[in-house]
Amino acid sequence: MKKRLLLERKNYNPLEFEEKIYKYWLPYFRAKKSKKNFIILIAPPNITGSLHMGHTFQNFILDTLARYKRMAGFHIVWIPGTDHAGIATQNVVEKELRKEGVTRFELGREKFIARVWQWKDKYGQTILNQFRRLGLSLDWSRSRFTLDKEYTKTVQKAFVDYYRKGLVYRALRPVNFCPRCQTSLSDLEIEYREAKGNLYYIKYPLKGSGFVIVATTRPETMLGDVALAVNPHDETKSELVGKIAILPLVMRELPIVTDQRVDPKFGAGILKVTPAHSLIDYEISLRHDLPMVGVIDEKGKMNHNAVQFKGLDYLEARRQIVDYLDKQNLIEKIEEISHQIPLCERCGTEIQVIPSDEWFIKMDYLANLAYKLVKDRKVDIYPAKFRKPYFDWLRNVRDWCVSRKLWWGQQMPVWYCKHCHTQSFQVSINRPKRKCSLCKGTEWQMTEEVFDTWFSSALWPFAILYKKNEKEWYPADIVASAREILHLWITRMIFSGQFFLKKPPFKRAFIHSTILTKDGKRMSKSLGTGVDPLELISKYGSDSVRFGLLWQMTTHQDIRFDEQPIEQGKKFLNKIWNAYRFYFMKLEEKDINFKNKNLSSADKKILSALRSTRKFCQRKIEELELGLALKRIYKFFWNDLCDIYLESWKGESKNNPMVFKEVMIETLKMLHPWLPHLTQLIYFALGHKKPLFFERWK
RNA sequence: GCGCGUGUAGCUCAGUGGCAGAGCGUCCGUUUCACAUACGGAAGGUCGUUGGUUCGAACCCAACCACGCGCACCA
């Protein structure tokens, strides 16, 4: 790729060169230990899909930063990887099976997992190849997967460690349960949908005489009622406190208690307490020492506590119970309301809250760790407006349910006695040698439960950046994340890192804006509102797309996607290409006297503009205001350099060729983080043989 | 309900107290020897609304309206 190339072509076509240039760079992306490392923690994409706008945007930001830092003298460490994405991947493969008419249960655990590995081999690579197409400066020789052997071991060890330090417990507690996925879910894996429903006002007779009215949207759970509750400050209800109500259908006696979680303005101002099927009710039951009576099982069917309704689907049970109550004249009225229904984030099935045997991590100590690190600025959550939601979440967080009854994930290092089953367990990586404390048996079986995929993600920085007695790149300088996984991922990495390595896993967490559709809606594959970044790249080239996205980037506002700035990017590439052509032509035409030290006024102006632009950009890049920096460079290039300075070279010119030369190379360096492929190509054409990112910004 | 953010040209957005800006789009003109993916020019705005502070407000303050997001509730 010589000078000739530049002179021959009046126009630049990015698609022609980008992939070749990327291949040329690869060996130079190797991570190595250095006194001046700049370490980036990648967000490993799920193996479920292909590159979307969010990945593209996030990694363009990081790559631009990486190239800038490299040109400021740092050695970059940026290691790629993919996430097994437990429930998400399991569901995609299940969907595939459904087309073949097979369920995962018919296939069996082992065969099913083999199927998922097949999926992983096929699609896990796809998304990484797409990262290459973006031009990211990643060290491919160290790529990791969250389910590789070493990683799994790290995850299991971490759990054992938590257990030994007393942060893990196993409990029968109501949890969010997806009847289709057949697993528990954390609060963060649920989404809500607005739906119309009925609010049933039901008469509960009082012991002695009279009755109270209780409103509920879910009459079928009333068979699990163990109390009624009113707000302690609700004077209109105070004479009820201490009385006993009778649960219709089963005639159970229900004490009437007070609890502040009751909203006196909702419904009839009386809450039926059903600890087995509501998290709030469960909390109330702990405060009042109430039992838990479950009536719905994990398939969403009524269980033996539901007397004559046993075996019915919960919706059918609701219908029959309302029917029964109505015949007994116990329905006061039915109101139509609009309320939020909890759905499984991954499959859309309505969530049931049911009691289930699960493993929990105590959050108070860990939440406190995470809180302090950000409060003391040991971790910079940036922009600062995300600090408040971070603190709020940690203040209110519940214990973390980390067990999942899925098949795809890291198996928990928990062993149950073959005879006593879940009554007796050991927590250890290897098969326990101890005797069972109940039956003295010595046969242990590893549990089929796996970890919440976010439990493993929380250990990502630890697993990929830290190795004892070897190269250590922990902690990272920066991680970038979408807003929606602030708690799911960022927060949990912070306390996990601090807990295990006594150091937070990164110095700065950058929460970048979201790319929305042109009408400000969420981009979603299923709604068909997504824009495929790869299509854009094959239309305009990677540099143009990078330009277009970064051009629109701000740190404080979401982006409404617009193809136009990408188009503008492509034109800009052409403008740059031609500016360098012009430079060549002039140098060839003129017999340059390099000893000339005189500067024209145009020389002085362009040097000054170059300096101030560079200074401005350095400041803005550190603030991650890449959009502002890019706009400034664009303006400098088009107006100061092309419109004024290059024009001043036309005709008779008193400009100094040395200045010309310097300005053109310095400008090329300044452009490189934004337009890496093009600038590298021109750099070659200028006669250089090394990667442009080895140059330094002055 | 609580919190965060946004509202500036047809569109996407810059603009932190001193003459309202950019890119695209639109209209008119130009193939002049780097680039028609270019160049020259033009039209286009009650800066969400109301009030306040100020010599002066797009910018600071208050209230309101609209939109987006997060959290909680969702019995």
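As the structure is a computational prediction, the values presented were derived from the model and not from experiment.

Draft legend 1. Spotlight on helix H6 (residues 109-134). A rise of 1.5 Å per residue sets the reference length of H6, with its 26 residues, at 38 Å; its end C-alpha atoms lie 37 Å apart and thus fit the reference within 8%. The largest bend along H6 measures about 30° and falls at Lys 120. Immediately downstream of H6, the backbone of Gly 135 shows phi near 85°, a positive value.

Draft legend 2. Representation of the confidence of the model for chain A in the model. Mean pLDDT over chain A stands at 86; residues scoring 70 or higher make up 97%. Under the prediction, the complex receives an ipTM of 0.90, its pTM being 0.88.

Draft legend 3. Molecular detail of the sheet that holds strand E1 (residues 37-41). Taken together, five strands build an open sheet; the order of strands is E2-E1-E22-E23-E15 and the sheet is parallel. The sheet is open, and its two borders are formed by strand E2 (75-78) and strand E15 (380-382), each paired with just one other strand. Averaged over all pairs of adjacent strands, the angle between strand axes in this sheet comes to 20°, irrespective of strand direction. This element, helix H3 (residues 53-70), spans E1, E2, strand E22 (476-482) and strand E23 (506-512) of the sheet and lies at about 155° to E2.

Draft legend 4. Representation of the environment of Leu 147. One can find Leu 147 in the loop between strand E4 (144-145) and helix H7 (149-164). By relative accessible area, Leu 147 is classed as buried at 10%. Linking Leu 147 and Ala 85, residues 62 residues apart in sequence, is a C-alpha distance of 9.4 Å. The contacts of Leu 147, once residues within four sequence positions are left out, are His 84, Trp 117, Thr 152, Trp 408, Gly 409 and Gln 410.

Draft legend 5. Seen up close, the nonpolar core. Counting residues in hydrophobic clusters, the biggest one holds 160 residues, and the most contacted among them are Phe 159, Tyr 162, Phe 455 and Phe 506. Ala 171, Leu 228, Ile 270 and Ala 306 belong to the second largest nonpolar core, which has 36 residues in total.

Draft legend 6. Main features of the pattern of salt bridges. Taken as a whole and judged by the stated rule, the model has 40 salt bridges. Of the charged contacts in the structure, one is a salt bridge between Asp 63 and Arg 546, with a shortest N-O distance of 2.6 Å. Highlighted residues: Asp 63 in helix H3 and Arg 546 in helix H16 (residues 542-551), separated in sequence by 483 residues. Accessibility assignment for this pair places Asp 63 and Arg 546 in one class, buried. Salt-bridge contacts for Glu 100 lead to Arg 115; the nearest nitrogen and oxygen are separated by 2.9 Å. Residue Glu 100 is found in the loop between helix H4 (86-99) and helix H5 (104-107), and its partner Arg 115 is found in helix H6; the two are separated by 15 residues along the sequence. Overall, Glu 100 belongs to the partly exposed group, its relative accessible area being 47%. On the accessibility criterion, Arg 115 (19% relative accessible area) is buried. Through salt bridges that share partners, Arg 614, Glu 666, Lys 669 and Glu 695 make up one connected network.

Draft legend 7. Region of interest: the side chain of Ser 403. On the secondary structure map, Ser 403 appears in strand E17 (residues 403-404). A distance of 2.6 Å separates the side chain of Ser 403 from the side chain of Glu 358, its partner in a polar contact. If we skip the residues at most four places from it in the chain, Ser 403 touches Ser 184, Glu 358, Trp 359, Met 412, Glu 449 and Val 450.

Draft legend 8. Structural detail: the sheet that holds strand E18 (residues 414-417). Read across the open sheet, the three strands follow the order E19-E18-E20; overall the sheet is antiparallel. Edge positions in the sheet fall to strand E19 (421-427) and strand E20 (444-446), since each has one partner strand and no second. Going from strand to strand, the sheet's axes swing by 40° on average, the running direction of each strand aside. Relative to E19, E18 runs antiparallel, the two sharing four bridges. Across the sheet, residue Trp 415 finds its bridge partner in E19, namely Gln 426. In the packing of H7 onto the sheet, the strands contacted are E18, E19 and E20, and the crossing angle to E19 comes to about 100°.

Draft legend 9. View of the packing of aromatic side chains. Under the counting rule described, the total for this entry stands at 53 aromatic pairs. Between Phe 547 and Tyr 634, the ring centres sit 5.8 Å apart and the planes meet at 50°, which makes this aromatic pair tilted. Of this pair, Phe 547 sits in helix H16 while Tyr 634 sits in helix H19 (residues 626-646), placing them 87 residues apart in sequence. For Tyr 634, a relative accessible area of 16% translates into the label buried. A cation over a ring is seen here: Lys 333 above Tyr 201, with NZ or CZ 4.4 Å from the ring centre. Between Lys 375 and the ring centre of Phe 391, over which it is positioned, the NZ or CZ distance is 4.8 Å.

Draft legend 10. Up close: the side chain of Ser 356. Position of Ser 356 relative to the elements: it lies in strand E14 (residues 352-361). Here Glu 358 takes part through its side chain, which lies 2.8 Å from a polar atom of the side chain of Ser 356.

Draft legend 11. Representation of the environment of Leu 330 within the structure. For Leu 330, the position within the fold is in the loop between helix H9 (314-327) and strand E13 (331-344). Put simply, Leu 330 and Lys 23 are 307 residues apart on the chain and 75 Å apart in space, counted from C-alpha to C-alpha. If we skip the residues at most four places from it in the chain, Leu 330 touches Tyr 201, Ile 202, Lys 203, Pro 248 and Leu 325.

Scoring rules and cut-offs
- Residues numbered from 1 in each chain as written.
- Chains lettered and ligands numbered in written order.
- Predicted model: local features only at pLDDT ≥ 70, side-chain atom pairs only at ≥ 80, totals over all residues.
- Heavy atoms only, no water.
- Helix = DSSP H or I, 4+ residues; strand = E, 2+ residues; numbered from the N terminus.
- Expected span 1.5 Å × (residues − 1).
- Bend = angle between axes of the 7 residues up to and from the residue.
- pLDDT = per-residue confidence, 0-100.
- Pairing = 2+ DSSP bridges.
- Axes fitted to C-alpha atoms, helices over the stretch in contact; angles between N-to-C directions.
- Contact = heavy atoms within 4.5 Å.
- Buried < 20%, exposed > 50% of the residue type's maximum accessible area, 1.4 Å probe, protein only.
- Core = buried A, V, L, I, M, F, W, Y, C linked by side-chain atoms within 4.5 Å.
- Salt bridge = Lys/Arg side-chain N within 4 Å of Asp/Glu carboxyl O.
- Polar contact = N/O pair within 3.5 Å; in protein donor to acceptor, adjacent residues only side chain to side chain.
- Phe/Tyr/Trp six-rings, centres within 6.5 Å; stacked < 30°, edge-to-face > 60°.
- Lys NZ or Arg CZ within 6 Å of the ring centre and 35° of its normal.

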